[in-house]
Every structure is written in structure tokens, then in C-alpha cells.
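Remarks on the overall topology
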Amino acid sequence: MENYHAVEVSLFGRGSIALLPPELKKRGVKRGLIITDEFLYKSGAAKRVGNRILEAGAEYAIYYLVQPNPTIEIVNECLHAAKTLQVDFLAAVGGGSAIDTAKAVSIVMANGGNVEDYEGVNKSSKKGIPIVAVNTTAGTGSEVTAFYIVTNPSEHSKMCMVDPNCMVSIAVNDVDFCMTMPKGLTAATGMDAMTHAIEAVLAKRAAPITDKDALWAITAIKDYLPLAFEDGSDVKAREMMSYAEYTAGMAFSNAGLGMVHAMAHAMGGMLNLPHGICNAVLLPYVMEFNGRLPGIGERFRRIAKALGLSGTEGLTGEREAEKCAEFIRSLSCRVGLPKNLQELKVEKWDFEALAETAMKDSCMQDNYQMPTKQQVIEVYHRALGIGDGVF
Ligand SMILES: [Fe+2]
């Protein structure tokens, strides 16, 4: 028995932003707040969305101070603007940071209280106010998921909210908004999507309907991420990455994530490191750890097949996981991402506190099997990349 959540409507393909005005009209919305960052505001991307809102006969204002790893303070500022302007919908223009900010604002607008009240699983009672999410990256999947993350600087942690009431109404994946994404962001968000897909296959709640999307996404990302990275103007590669991150998002939103995200959230909250890069570094080490869990071999066989690895038949689950991890390391390296935590300047005396935080992250419970705090510390040690830490 399972709940399967999806967004109301998704617009795909180059130029698909043109399909937004009729969708807005159908919903009868009148006043929107565009939530974006300074770069997308100055580049004119936010205004291009604003023009479509005007075309629908609605009006809009723009909040453009979203930062990576958005904090409670950013959410509150944005919430204040939304309440003062009495908006009836939000339009996020950006990647996970803008979309997650919109989700937090939407939930508090509809349910009252403070954003902190909604940390955890299914904490709101009412559906949030409508959100349009115009995705400008290809990775976070936030436009299709029931997850959002808000940084709590006073606790040096990230609050992870899992709540279908936050899901957007209209997801726009028009590659015209992704074409100028720089190489570093293409790589980091692409590896975030790969992590979503792999963790969805390894998650406790994985099911045939989530595997279908996750395994397809793994294949598409391994094929198209290097192409999108090498030539950002390759429309086909950008489009395929956009479909892949969307399907990976659908998979993990319904199956759950796992240890990589729990450990990466801790690093993002404590050390303010970029989410996709933390995932890319941790993913192979966590795969090697998970590969040793009893009964997980079949799942790694599926991942190996999706990665196009041959010659893995007859291997133990552990060896299969190592082969997959090796492939992920070489993919990360091909798209210029760091290999280990040492390159991210993470220090080993941070591990105790990081593991403490990671154990409390709601993603941790989704891992195929819940690790102990000591095991999490060991994985961090291994990920330092200096031969430290033994499983
Ligand atoms: Fe992620």
C-alpha cells in the first residue's frame, strides 16, 4: 500500500513557458510573488516569467534575495512580502533554493505559525497556496517533490520537511531557462540528480513505480550529464538532463532518499557547502557501505545494469556496489567535481558533530537499513580520501 504523489501539471520542452498563461488562467489567480535570486533577476529570467503572468491577466512583484542554502530569515523576509502584498500564488524562478523557499512560504501562508513548526514529516494540515516552479537547473527535482529544506543557522543544521501539501501546482522545465547554467552548477546539480535516483533505488520504500523512474534517470544522467557539461549549448543534452532530474525527483519524492542526503544536509547546514557537491563526494562511499548490507545485492544489480556496467554478473552485492561506486567516481571526475572531503577542506574533528546531525535527519530513516552513528562517522572518515576509517 503506498501513496504516490505528483504535481498537477508539468510543462516540458524548449519554449514551454508559453503554456503557462492558460494554466494560470484556469486557476483564477490574480496576484503573484516571483521568488528568485539576484543573478536571475538581473539576467531578465524573472521578468520573462513576469511577462507570462501579465499575459494571464494577473499582476506580480519580485523578491530576488534568495541565497543558496536558504535560511529561516530568507523565508521570513519572503513571507513578509507575500503577506503584505496579499498574493494568491508564488512563482519560484531558480533551482532548489528558490523553489524550496517558495514551498516554505506557501505552507506558512496557508497554515499559519512559523516555518520551524513544519520540520519533519507531514506536519501541515492544509495544502499550501499555489506555486509555479520555473526550474533553471537540472538537478534538485524540487519542482516535483514533496520535500523542502530550510537552513537553521542558530542550530547549524538544515531542517528537512517532507510534506505533500508543499508540492507545486505547475512545474516548468523549459530548457531556455537552463542553457546559461555554468559548468560547475551543471555538474553539481547533475550529480545531485544522480544521487536522488540511486538513493531512490536503495531506499526502504522503493517500489516498482519508483524504480522505473529512478533506473531510467540513472541511465539518462550517465549518458547526458557529460555532454551537457562539455557543451552547455547542446539542447538535446540539456533537455534529457531536464527529463532525468524530473524523473529522479518523482522517484525519490515517493521512495525516499537515504544516508547520502542525511550526511550531505549535515555538511550543508554546519559548513555551508554546496548540496550537489557534498552528494557527489559522499555517494560512492555510501554505496560501498550500503553494498555490505544483507539482501541489498539485487538493488545494486539493477543500478549496475542502468549504469551500463557489464561483467558484473555473479559478483557479490558488495563487489557490485564497489563497481558502481567506481563508475560514479569516474563520472564525478569527468565533470570536474572534487573526489573527497579533503578537497572540500572538511576536517576530521567535525565528524562527530556531523554524524550527530545526520542521524537526526529525516532522510536517514529512508536508507535501506538505518546505520549507527559510529558507522556514519566511519563513512565520513573514508570520504576524507586519505585511507582513514575502516568499515
Ligand atoms: Fe538532493
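Residues numbered from 1 in each chain as written. Predicted model: local features only at pLDDT ≥ 70, side-chain atom pairs only at ≥ 80, totals over all residues.

When its secondary structure is counted, the protein chain shows 14 helices and nine strands. For the protein chain, whose C-alpha radius of gyration is 20 Å, the value lies close to the compact-globule estimate of 21 Å for 391 residues. Based on the C-alpha atoms only, the size of the protein chain along its principal axes is roughly 60 × 45 × 45 Å. Counting over 391 residues, the protein chain shows a buried share of 54%. Contacts spanning at least 24 positions in sequence make up 77% of the contacts within the protein chain whose residues lie at least 6 apart. (Helix = DSSP H or I, 4+ residues; strand = E, 2+ residues; numbered from the N terminus. Rg over C-alpha atoms; globule rule 2.2 N^0.38 Å. Buried ≥ 20, exposed ≤ 12 C-beta atoms within 10 Å, placed from the backbone. Contact = placed C-beta atoms within 7 Å.)

Mapping Cys166 onto the fold places it in the loop between β8 (157-162) and β9 (170-173). For Cys166, a count of 26 C-beta atoms within 10 Å corresponds to the buried category. A C-alpha to C-alpha distance of 19 Å links Cys166 and Glu2, two positions 164 residues apart in sequence. The contact partners of Cys166, leaving out residues within four places of it in the chain, are Lys103, Ser106, Ile107, Gly128, Ala146, Tyr148 and Met161.

Its domain assignment divides the protein chain into domain 1 (9-177) and domain 2 (183-383). Using C-alpha coordinates to define each centre, domain 1 is positioned 26 Å away from domain 2. Across the boundary between the two partners, domain 1 contributes 24 residues, which contact 29 residues of domain 2. Elements represented by at least two residues in the side of domain 1 that touches domain 2 include exactly β5 (120-121), β7 (147-152) and β8. At four residues, the largest contribution of residues to the side of domain 1 that touches domain 2 is made by β8. Residues of the side of domain 1 that touches domain 2, tallied by class, amount to 10 nonpolar, 12 polar and two charged. (Domains from an automatic or database assignment. Nonpolar A, V, L, I, M, F, W, Y, C, P; charged D, E, K, R; others polar.)

Okay, the environment of Glu199 next. Turning to its location among the elements, Glu199 is positioned in helix α6 (residues 183-202). For Glu199, a count of 31 C-beta atoms within 10 Å translates into the label buried. In this view, Glu199 contacts Phe252, Leu257, Gly258, Val260 and His261; residues no more than four positions away in its chain are not counted.

Moving on to the sheet that holds β5. Reading across the sheet, the three strands line up as β5-β8-β7 and stay open at both edges, with mixed pairing between neighbours. Among the strands making up the open sheet, the edge pair consists of β5 and β7. Strand direction decides the pairing type here: β5 and β8, joined by two bridges, are parallel. In the strand pairing of β8, Val121 is matched with Val162. (Pairing = 2+ DSSP bridges.)

A separate point is helix α13 (residues 351-360). Residues Phe351, Leu354, Ala355, Thr357 and Ala358 constitute the buried set of α13. The buried residues of α13 occupy one face: seen down the axis, they fall within an arc of 165°. At its buried positions, α13 is contacted by β8, α9 (259-271) and α14 (373-383). (Arc of directions from axis to C-beta.)

Right, let's talk about the sheet that holds strand β6 (residues 131-135) for a bit. In spatial order, the strands read β1-β9-β6-β4-β2-β3; together these six strands make up an open sheet with parallel pairing. If you trace the sheet from one side to the other, it starts and ends with β1 (9-12) and β3 (59-63), each paired once. Each neighbouring strand pair of the sheet contributes to a mean axis angle of 15°, computed without reference to strand direction. Examined bridge by bridge, strand β2 (residues 31-35) and β3 share five bridges and lie parallel to one another. When the sheet's bridge partners are listed, Gly32 is paired in β3 with Tyr60. On top of the sheet, helix α1 (residues 20-27) reaches β1, β6 and β9; it is set at about 175° to β9, its chief contact. (Axes fitted to C-alpha atoms, helices over the stretch in contact; angles between N-to-C directions.)

At their nearest, the axes of α6 and helix α10 (residues 275-290) sit 8 Å apart, and the two run at 30° to each other. The handedness of the crossing between α6 and α10 comes out as left-handed. Facing α6, whose interface residues are Ala188, Thr189, Met191, Asp192, Thr195, Ile198 and Leu202, α10 presents His275, Gly276, Ile277, Asn279, Ala280, Leu283 and Asn290. Counted by class, the contact of α6 with α10 contains seven nonpolar, six polar and one charged residues. (Left-handed = near helix turned anticlockwise from the far one by under 90°.)

Now for the nonpolar core. Grouped together as the largest cluster of nonpolar side chains are 138 residues, with contacts concentrated most on Leu90, Ala91, Ala92, Ala197, Ile218 and Met263. When residues of this core are sorted by domain, at least three fall in each of domain 1 (9-177) and domain 2 (183-383). (Core = buried A, V, L, I, M, F, W, Y, C linked by C-beta atoms within 7 Å.)

The next thing to look at is unusual backbone geometry. Negative phi values dominate among residues other than glycine, just as trans dominates among peptide bonds. Backbone geometry places Asn122, a non-glycine residue, at a positive phi of 50°. As for its placement among the helices and strands, Asn122 is situated in the loop between β5 and β6. Look at Asn272: it is not a glycine, yet its phi comes out positive at around 50°. Residue position: Asn272 is located in the loop between α9 and α10. For Asn272, a count of 13 C-beta atoms within 10 Å puts it in the partly exposed group.

Here Ile34 shows up in strand β2. In this structure Ile34 comes out as buried when scored by C-beta crowding, with 27 C-beta atoms within 10 Å. Taking C-alpha positions, Ile34 is 9.8 Å from Cys78, a pair spaced 44 residues apart along the chain. Those residues in contact with Ile34, other than ones at most four positions away along the chain, are Ala46, Val49, Gly50, Tyr60, Ile62, Tyr63, Ala91 and Val93.

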